[in-house]
Amino acid sequence: MPPLSRKREFAFLLNDVARLLRTYANYRAAQFGITRAQWAVLVRVDREEGLNQSKLADTLDLQPITLTRLLDKLCDGGLIERRPDPDDRRAKRLYLTPAARPLLEQLRVLGEETMADALSGLDRASIDQMIGDLSAVKENLRRLIQQRGDGTAQERRYG
């Protein structure tokens, strides 16, 4: 088997890093009785309270049924509430409950610790370079998706 090109090696490595980060974040989130996916929902609702479930599903690149299950657990846990959408009686808007605020602060600290662990041994200049490089790759991919323009590849917003 021929050796992988550096470009293909980058793709495999990026995928592996993302998968391992998700696995480690799931492990860390468990200490608060939640999953990484629930953590992501809480953070997104915190960033944009009042968004509807459909937009949140798109933002998190989740199937609506998967998001509904996550929201059901968070609602049952008293962390999120669904409120009627004044513009669409079929839709619900999502809001954090007061009980979610202390947990979100703990999760913010946990996120900082998690990334400090993941980036251990790298100096700030290396991290800044990596952020710049990955941002350029992200923009290249967004541009390529937008150029398709045929509607078959809807871009998902990740932040």
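For clarity, every value in this text was computed on a predicted model and none was experimentally measured.

Chemist: Talk me through helix H5 (residues 100-118); I want residue IDs and the actual numbers.
Modeler: With 19 residues, H5 extends 26 Å between its outermost C-alpha atoms, agreeing within 8% with the 27 Å of an ideal straight helix rising 1.5 Å per residue. Among the structural elements, helix H1 (6-29), helix H2 (36-47) and strand E2 (88-96) are those in contact with the buried residues of H5.

Chemist: Got a sec to walk through the packing of H2 against helix H4 (residues 64-76)? Specific residues and values, please.
Modeler: As a packed pair, H2 and H4 sit with axes 10 Å apart at the nearest point and diverge in direction by 80°. Considering their axes alone, H2 and H4 lie roughly perpendicular with respect to each other. On H4, the residues that touch Ala-37, Gln-38, Val-41 and Leu-42 of H2 are Leu-67, Leu-70, Leu-71, Lys-73 and Leu-74. Class assignment of the residues belonging to the contact of H2 with H4 gives a composition of seven nonpolar, one polar and one charged.

Chemist: Describe a nonpolar patch on the surface, with residues and values.
Modeler: Together, Phe-10, Leu-14, Leu-122, Met-130 and Leu-134 give the surface a local cluster of nonpolar side chains, amounting to about 390 Å² of exposed area. Those elements giving two or more residues to the nonpolar patch turn out to be H1 and helix H6 (124-148). Inspection of the secondary structure assignment puts Met-130 in helix H6. Classification of Met-130 as partly exposed rests on a relative accessible area of 36%.

Chemist: Quick rundown of the environment of Ile-34? Include the residues and the values.
Modeler: When you line up the elements, Ile-34 lands in the loop between H1 and H2. For the pair Ile-34 and Asp-58, spaced 24 residues apart in sequence, the C-alpha to C-alpha distance is 21 Å. Not counting chain neighbours up to four residues away, the residues in contact with Ile-34 comprise Ala-29, Trp-39, Leu-42 and Leu-107.

Chemist: Give a description of the pattern of salt bridges that names residues and reports values.
Modeler: With the rule as written, the count across this model stands at 13 salt bridges. Asp-72 serves as the salt-bridge partner of Arg-82, at 2.9 Å between the closest nitrogen and oxygen. Taken together, the positions of Arg-82 in strand E1 (residues 80-85) and Asp-72 in helix H4 put the pair ten residues apart, joining distant regions of the chain. Among the residues examined, Arg-82 registers a relative accessible area of 28% and is labelled partly exposed. Take Asp-72: its relative accessible area is 32%, and that puts it in the partly exposed class. Of the charged contacts in the structure, one is a salt bridge between Arg-142 and Glu-139, with a shortest N-O distance of 3.4 Å. You can see Arg-142 and its partner Glu-139 sitting in helix H6, three residues apart, about one turn around the helix.

Chemist: Any details on the packing of aromatic side chains? Residues and values, ideally.
Modeler: Within the structure shown, the criterion is met by one aromatic pair. Ring geometry for Tyr-24 and Tyr-27: centres 6.2 Å apart, planes at 25°, overall stacked. Of the two residues, Tyr-24 and Tyr-27 are both situated in helix H1; the distance of three residues between them amounts to about one turn of the helix. Tyr-24 gets classed as partly exposed once you look at its relative accessible area, which sits at 29%. On the basis of relative accessibility, which here comes to 60%, the residue Tyr-27 falls in the exposed class. Of note, Arg-83 hangs over the ring of Tyr-95, and the distance from its end group to the ring centre comes to 3.8 Å.

Thresholds, definitions, all that
- Residues numbered from 1 in each chain as written.
- Predicted model: local features only at pLDDT ≥ 70, side-chain atom pairs only at ≥ 80, totals over all residues.
- Heavy atoms only, no water.
- Helix = DSSP H or I, 4+ residues; strand = E, 2+ residues; numbered from the N terminus.
- Expected span 1.5 Å × (residues − 1).
- Contact = heavy atoms within 4.5 Å.
- Axes fitted to C-alpha atoms, helices over the stretch in contact; angles between N-to-C directions.
- Parallel < 35°, antiparallel > 145°, perpendicular 65-115°, else oblique.
- Nonpolar A, V, L, I, M, F, W, Y, C, P; charged D, E, K, R; others polar.
- Patch = residues over 30% accessible without salt bridge, like charges linked within 9 Å, V, L, I, M, F, W, Y side chains within 5 Å.
- Areas by Shrake-Rupley, 256 points an atom, 1.4 Å probe, with all protein chains shown as cover.
- Salt bridge = Lys/Arg side-chain N within 4 Å of Asp/Glu carboxyl O.
- Buried < 20%, exposed > 50% of the residue type's maximum accessible area, 1.4 Å probe, protein only.
- Phe/Tyr/Trp six-rings, centres within 6.5 Å; stacked < 30°, edge-to-face > 60°.
- Lys NZ or Arg CZ within 6 Å of the ring centre and 35° of its normal.

None of this, on its own, says anything about what the molecule does.
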